[in-house]
Structures are given as structure tokens and as C-alpha cells.
Amino acid sequence: MIGIDRRVDKENRAFTDLKMGNIPSEILKAPIRVKQLFGVKCEDFGSMYDRSKYLFMLNAPFEVSNQCCKVMKKQPMHQYNKDTGRVPITAQMASESKLRTSQWLQNGCNGFDLKIPTSNPMSFWTEQDVLLYIKENAKSMIEVRMSDDKMFYGNRIVYKLTGASVENTEFYFPICSVYGEVVTDYEAMGQCENQMSFADFGIFDNERPLLKTTGCNRTGCVLCGFGCHLEKESRFLKLKETHPKFHNLLYHLKNNGVTYAEAIDWVNEHGNMNIKY
């Protein structure tokens with residue numbers, strides 16, 4: 001990153017200076033992201049962008065990169081756009097990150113003037129909007145995927161001809177089964193389960209409850225470790241419970257001869273973290 005290859009020569013002068021906290025002059029002239037990593041204070045960004053606690057990763061015995069999304073998702077889609085002339089419609093929401101918020105404020109839901117014109121019709125939705133939509137439209141979301149030989153009978157899905165229940169109903173969940181069901185989050189609302197409110201007596205209009213899923217609240221690429229040190233509930237332990245064969249890959253996938261599990265152990269030891277797997 002700044003001309004220091006700590007794997008070839010871990011005792012070189014520049015690397016030794018860094019370990020002692022002496023910041024080379026070239027870092028002071030470096031791009032903002034490099035300054036953030038080394039904790040250099042400047043007017044370009046506030047203390048919340050200080051990334052110096054991750055400086056220990058420069059000495060990691062395995063490779064670390066943020067380019068997987070670019071290689072596996074963005075580049076193929078950019079190539080598809082180039083080959084076909086078609087432009088993307090995504091389900092990104094401004095509430096998901098500061099970057100997406102700033103992009104929405106700058107470009108709106110439809111970025112017609114972008115290098116690759118993009119439509120983000122859900123930009124102004126929140127996660128609670130999504131959960132409420134699922135809760136209120138679950139049945140119609142399932143019916144769209146039903147073949148003509150099936151129907152609802154009460155809360156069951158049955159075959160029209162025989163009336164027998166469909167045994168494997170996972171395909172007919174309104175959302176992926178790993179999310180579970182959408183339920184009221186009484187704890188977040190500071191209430192007991194099924195506690196009555198003023199709305200039940202008609203004193204106020206019906207309140208909009210806070211909702212949650214009983215399973216995963218978010219999913220992404222299996223075994224992706226980005227942000228795992230910030231979670232209260234480990235994604236790896238959850239994966240072990242729901243998909244044990246995938247979880248077993250932690251002990252087999254290697255990076256520079258280091259297994260994924262060993263890499264987590266190394267990060268826990270050198271970064272004073274507590275990532276459970």
C-alpha cells in the first residue's frame with residue numbers, strides 16, 4: 001500500500017517505524033483512506049473515520065481484500081450492461097449505509113445522468129417498510145408462485161384435485177426460510193408480548209408496530225466476514241446451526257496456507273476481538 005511488503009522483509013526500516021508508532025512522511029501526503037488507517041488527524045475527516053485499530057492487519061499472514069464484490073458482482077453486471085445496453089434496477093435503500101444515503105440525495109431514485117444509468121425505486125424505503133409489506137402481503141406473495149393445481153385452504157396449501165396438503169412448503173414461503181417469519185418486536189417497543197395499547201381501545205388510530213424476523217435479519221455471501229466483529233450474535237454460529245456443511249468449510253478453505261478458522265483466531269488474538277465461530 002505504501003511500498004512496504006511486510007511478508008518479504010518484516011524488519012525493514014519503514015515497517016519497524018510503523019510498529020513503533022512513527023508515521024513516515026509519505027503517509028502524511030497519502031490519500032485520505034491511508035491517513036484513516038494510520039489514525040492521522042486532519043480536516044478532511046472526523047475521528048469516527050479513524051481506522052487505526054485495524055492497522056494490525058498489515059501483518060496478517062493471509063491476504064485481505066475488499067474486491068470480492070467488485071469481481072463477483074459488479075464487474076459481471078457492468079459487462080452485461082456493456083454487451084446488451086440494458087441498465088440495472090436494484091433494491092438498494094438509502095437507510096442501509098451513509099454512502100447509499102449520499103448517493104440518493106445526489107441522484108434521487110433514478111440516476112439518469114450516471115455513467116451507468118441506474119434505477120433504485122426502493123431508495124426511500126426503510127427496513128420497517130419492507131417488513132410491513134411482507135407481513136401485510138404474505139399471502140399474495142405466495143399465490144404468485146403457486147401453480148394452478150394448488151390453493152390455500154385456511155392457512156394450509158393443498159392440491160385442488162385431492163385436497164391433500166403440500167408437504168414441502170418451503171418454496172411457498174413469502175420470503176426465504178432462513179429469515180423465518182415477520183413478527184412484532186415487542187422488546188424493541190418496550191412492551192410485553194400481546195400487551196394492549198390505546199389503539200386497542202380506539203383512543204388513537206392504529207399504531208404501526210416495530211417488526212422483526214424470527215430468523216436471520218440480513219443475509220449475504222456465505223462465509224463473508226466483513227463486519228462480523230461488530231455483531232452481537234455471530235453469523236458463523238448461526239451458519240453452523242442452519243447450514244453445518246457450509247460452516248465446515250471454515251476448517252478447509254485456505255488463504256496463503258491459513259484456514260478460515262485459523263485466520264479468525266489470528267484476528268481475535270492480534271486485534272483483541274471476540275469473533276465466535
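Predicted model, so just to flag it, every value in this text is computed and none were measured. (Residues numbered from 1 in each chain as written. Predicted model: local features only at pLDDT ≥ 70, side-chain atom pairs only at ≥ 80, totals over all residues. Heavy atoms only, no water.)

A. Seen up close, the pattern of salt bridges. Per the stated rule, a full pass over the model turns up six salt bridges. Between Lys 150 and Asp 149 there is a salt bridge whose closest N-O contact spans 3.3 Å. By relative accessible area, which is 37% here, Asp 149 ends up partly exposed. Where Arg 235 meets Glu 231, a salt bridge forms, and the shortest distance between an N and an O atom there is 3.0 Å. Residue classification places Arg 235 among the partly exposed positions, given a relative accessible area of 24%. A relative accessible area of 32% means that Glu 231 is categorised as partly exposed. A single salt-bridge network, built from bridges that share partners, covers Glu 96, Arg 100, Glu 127 and Arg 218. (Salt bridge = Lys/Arg side-chain N within 4 Å of Asp/Glu carboxyl O. Buried < 20%, exposed > 50% of the residue type's maximum accessible area, 1.4 Å probe, protein only.)

B. Broad picture of unusual backbone geometry. Even without being glycine, Leu 223 reaches a positive phi, approximately 75 degrees. Given the relative accessible area of 13%, Leu 223 is considered buried. A positive phi angle is found at Asn 256, which is not glycine, with a value near 55 degrees. Inspection of the secondary structure assignment puts Asn 256 in the loop between β7 (254-255) and β8 (258-259). (Helix = DSSP H or I, 4+ residues; strand = E, 2+ residues; numbered from the N terminus.)

C. How the structure looks around the pairing of strand β4 (residues 156-159). Bridge count for strand β3 (residues 150-153) against β4 is four bridges, and the pairing is antiparallel. Paired with Tyr 153 across the bridge in β4 is Arg 156. The antiparallel pairing of β3 with β4 creates a hairpin that spans two residues between the two strands, and Gly 154 there sits at a positive phi of about 70 degrees. (Pairing = 2+ DSSP bridges.)

D. Structural context of the confidence of the model for the chain. With 78% of its residues at a pLDDT of 70 or more, the chain shows a mean pLDDT of 82. Within the chain, no element has a lower average pLDDT than helix α2 (residues 25-28), which sits at 56, and none a higher one than β8, at 96. (pLDDT = per-residue confidence, 0-100.)

E. Fine view of the packing of aromatic side chains. Per the stated rule, a full pass over the model turns up five aromatic pairs. Ring geometry for Phe 62 versus Trp 266: centroids 5.7 Å apart, planes at 85 degrees, classification edge-to-face. Of the two residues, Phe 62 sits in the loop between α3 (32-37) and α4 (68-84) while Trp 266 sits in helix α10 (residues 260-271), which places them 204 residues apart along the sequence. Members of the aromatic cluster, each reached through a chain of ring pairs, are Phe 56, Phe 62 and Trp 266. A cation over a ring is seen here: Lys 139 above Phe 152, with NZ or CZ 4.9 Å from the ring centre. (Phe/Tyr/Trp six-rings, centres within 6.5 Å; stacked < 30°, edge-to-face > 60°. Lys NZ or Arg CZ within 6 Å of the ring centre and 35° of its normal.)

F. View of the environment of Asn 268. Note on placement: Asn 268 falls in helix α10. Under the relative-accessibility criterion, Asn 268 is labelled buried at 16%.

G. Fine view of the nonpolar core. Core analysis: the largest hydrophobic core is formed by 16 residues, its most contacted members being Phe 62, Phe 236, Leu 250, Trp 266, Val 267 and Ile 275. Elements that contribute at least two residues to this core include exactly α8 (235-242) and α10. The biggest single contributor to this core is α10, with five residues. Excluding residues that lie within four positions of it along the chain, Trp 266 makes contacts with Phe 56, Met 57, Asn 59, Ala 60, Pro 61, Phe 62 and Gly 271. (Core = buried A, V, L, I, M, F, W, Y, C linked by side-chain atoms within 4.5 Å. Contact = heavy atoms within 4.5 Å.)

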